[in-house]
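# Structural overview for review
The lines below spell out each chain.
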Amino acid sequence: SLGMPGMHGTVTASYALQHSDLMIVIGARFDDRITGDLERFAPEARVIHIDIDPAELDKVRHAHVAIAADARLTLEKLIEAVGSRDKGEWEEHLLRFREEHPLSYEQGDEAILPQYVVEKLHEVTEGKAIITTEVGQNQMWAAHYYKLEEPRRWCTSGGLGTMGYGHPAALGAQVGRPDDLVCDIAGDGSIQMCIQELATGVINKLPIKIIILNNSYLGMVRQWQDMFFEKRY
């Protein structure tokens, strides 16, 4: 696992896609945050695209093999067909590349950086919390810096971009897993979208933890204004 690719992803994951000769794409839609300029995205890669919705197949990127089916059933058949192999030169190359281009940030003296907060959350929970996220930069920092140790502990709305998702998702996760620690990593903008659900948590005595990474902006919107719209706020 190399992390998320694309403009909010890791250098290594994006590099791996860009230089691959085969992509097996499962339930993903080649959105522009991943591909950038579609004409230049992974030019040598052949594509096997698996999605339960046939409308997604060939919609953005041509699929050399398009499979409209349940992902689990398809993967079971695919595993039977191809077998397994040991790691080779390609994987070793990517691991070296990841060591040369790690995620990084510089923690100064004036403010606590959000990346540091998420790293510390991972440290104190030993990676065992159920993590929900809102949408925006908080979501990206959570994906990068909270290293999940077990499956079924990551709840996020992905590319759907549903601001306000994380708080009610945390409440639902706490009901479903009452003995687990549940944390919602939020931004100061998106936490307001469903903040009325604080009452739901109190009434039902759901001990979720909410970590608000407050940068006093809709951070991802601000990021795009800075990068692409000449700082027109």
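Our structure is the block above this text.
The present account deals with the structure reproduced in this document. Note that the structure is a prediction, hence the values are computed from the model and not measured.

### Some words on the pairing of strand S4 (residues 130-133)
One face of the sheet, then the other: side chains in a regular strand alternate in exactly this way. By the alternation rule, side chains of S4 split into Ile130 and Thr132 and Ile131 and Thr133, which are all buried. Of the crossover connections in this fold, the one passing from S4 over helix H6 (residues 137-145) to the parallel strand S5 (residues 154-155) is right-handed.

### Brief notes about helix H3 (residues 71-82)
For H3, which comprises 12 residues, the first-to-last C-alpha distance of 16 Å matches the rise-based estimate of 16 Å (1.5 Å per residue) to within 8%. Within H3, only one of the 12 residues are buried, leaving the element largely exposed. Structurally, the start of H3 carries an N-cap: the backbone nitrogen of Arg72 is 2.9 Å from a side-chain oxygen of Asp70. Gly83 occupies a position one or two residues after H3 and carries a positive phi of about 70 degrees.

### Regarding unusual backbone geometry
A positive phi angle is found at Asp58, which is not glycine, with a value near 70 degrees. Here Asp58 shows up in the loop between strand S2 (46-51) and strand S3 (65-68). Positive phi outside glycine occurs at Lys231, with the angle close to 60 degrees. Residue Lys231 is classed as exposed on the basis of its relative accessible area of 51%.

### Concerning the pattern of salt bridges
Tallied over the full model, the rule gives 12 salt bridges. Across the pair Arg72 and Glu76 runs a salt bridge, and its minimum N-O distance is 3.6 Å. With Arg72 and Glu76 both in helix H3 and four residues apart, this pair spans about one turn of that helix. The exposure class of Glu76 is partly exposed, given its relative accessible area of 39%.

### Here's the deal with the sheet that holds strand S1 (residues 22-26)
Strand pairing in a sheet relies on backbone hydrogen bonds. The paired strands run either parallel or antiparallel. The strand order across the open sheet formed by three strands is S1-S2-S3, and the pairing between neighbours is parallel. Both edges of this open sheet fall to S1 and S3, since each of them pairs with a single strand only. For this sheet, the mean angle separating the axes of adjacent strands, direction not counted, is 10 degrees. Sheet strands in contact with H3 are S1, S2 and S3, and its direction is about 145 degrees off that of S1.

Criteria and cut-off values
- Residues numbered from 1 in each chain as written.
- Predicted model: local features only at pLDDT ≥ 70, side-chain atom pairs only at ≥ 80, totals over all residues.
- Heavy atoms only, no water.
- Buried < 20%, exposed > 50% of the residue type's maximum accessible area, 1.4 Å probe, protein only.
- Helix = DSSP H or I, 4+ residues; strand = E, 2+ residues; numbered from the N terminus.
- Right-handed = clockwise from strand over helix to strand, strands pointing away.
- Expected span 1.5 Å × (residues − 1).
- Polar contact = N/O pair within 3.5 Å; in protein donor to acceptor, adjacent residues only side chain to side chain.
- Salt bridge = Lys/Arg side-chain N within 4 Å of Asp/Glu carboxyl O.
- Pairing = 2+ DSSP bridges.
- Axes fitted to C-alpha atoms, helices over the stretch in contact; angles between N-to-C directions.
- Contact = heavy atoms within 4.5 Å.

Any link to function would need more than the numbers given here.
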